[in-house]
Every structure is written in structure tokens, then in C-alpha cells.
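Summary of the model geometry
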Amino acid sequence: MSRTCYLTGKGGHVVNRVTRRGRARAQGGVGRKVTGVSARTQHANLQKKTIREHGQLRRVWLSTNALRTLARGGFPGVELA
């Protein structure tokens, strides 16, 4: 559970990497053909930050979305240190 957001739970996703060959129809070809599909990991945009949670300092991974929410005071009892 190391690379997940402490507040929102965002982490990595497994997505497909699609390999294609050929020329697009719009450019005068017969169209693009899929020649291979393989899995890859798409990582969340996480930053290592120090927060103060109920008076205690803690160094955690936070998503940039959580950082924006923290700046607006969206998580009660949690603030950036």
C-alpha cells in the first residue's frame, strides 16, 4: 500500500498499451491495424508531503487532487504542515 494517496486512496491502474501499424485512412492508407496489446501500469500523480492530523505530524503520499482539497480546507482535522 505504499504508493497510494493517504486521503483519497488513489493508486495505480492497469491499462492496455496498444501497438498499431499501417497508415490512417485520413492520410490515404487502408487504416490502422492492432498488432499487439500488453498491460502497463498508469501511476497516480502523488507527492510526498507532511500533514498535521489531529495534532500529529505525519509524512504521507498525497495526490495532487487531495492537495488542492486540503488547500480549501476540505478534510476536517487535517492540514498541511
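So, here is what we can say about the structure in this document. (Residues numbered from 1 in each chain as written. Predicted model: local features only at pLDDT ≥ 70, side-chain atom pairs only at ≥ 80, totals over all residues. Heavy atoms only, no water.)

Description of the overall build of the protein chain
Applied cut-off: To qualify as a helix, a DSSP run of H or I must reach at least 4 residues; to qualify as a strand, a run of E must reach at least 2; elements of each kind are numbered from the N terminus. Two residues qualify as a contact provided that any one of their heavy atoms is within 4.5 Å of a heavy atom in the partner residue. Each accessible area is a Shrake-Rupley result for a 1.4 Å probe, and residues are judged covered by the shown protein chains and nothing else.
Counting secondary structure elements, the protein chain contains 1 helix and 5 strands. For the protein chain, the sequential pattern of α-helices and β-strands runs β-β-β-β-α-β. Across the protein chain, the fraction of contacts at a sequence separation of at least 24, relative to all contacts at a separation of at least 6, is 43%. When the accessible surface of the protein chain is split by element, carbon and sulfur atoms take 46% of a total near 6,200 Å².

Here we look at the sheet that holds strand β5 (residues 78–80)
Operational definition: Strands were regarded as paired on the criterion that DSSP finds at least two bridges between them. In this description, a line fitted to the C-alpha atoms serves as the axis of each element, helices being fitted only across the stretch in contact, and the angle between N-to-C directions of two axes falls anywhere from 0 to 180 degrees.
The antiparallel open sheet is built from 3 strands, whose spatial order is β4-β3-β5. Across the chains shown, the open sheet's two edge strands, defined by having one partner strand only, are β4 (56–63) and β5. Taken pair by pair, the neighbouring strands of this sheet meet at an average axis angle of 45°, ignoring direction. Of the pairings in the sheet, the one linking strand β3 (residues 46–53) to β4 comprises 8 bridges and is antiparallel in character. By the bridge assignment for β4, Arg52 is matched with Leu57.

A closer look at a nonpolar patch on the surface
Cut-off, in case you're wondering: A residue counts toward a patch only above 30% relative accessible area and without a salt bridge, and it is joined to like-charged neighbours within 9 Å or, for Val, Leu, Ile, Met, Phe, Trp and Tyr, to nonpolar neighbours within 5 Å. A side-chain nitrogen of Lys or Arg and a carboxyl oxygen of Asp or Glu constitute a salt bridge if their distance falls within 4 Å.
On the surface, a nonpolar cluster with roughly 240 Å² of combined accessible area is contributed by Val18, Val34 and Val37. Here Val37 is to be found in strand β2 (residues 33–42).

Considerations on a positive patch on the surface
Our working definition: When charges are counted, Lys and Arg are positive and Asp and Glu negative, with His and the chain ends excluded. A charge is said to be at NZ when it belongs to Lys, at CZ for Arg, at CG for Asp and at CD for Glu. Only protein chains enter the accessibility calculation, which uses a 1.4 Å probe; a residue is then buried when its area is under 20% of its type maximum, exposed when over 50%, and partly exposed in between.
Residues Arg3, Lys48, Lys49 and Arg59 make up a contiguous surface patch of positive charge. Relative to the helices and strands, Arg3 resides in the segment before β1 (13–21). On the basis of relative accessibility, which here comes to 53%, the residue Arg3 falls in the exposed class.

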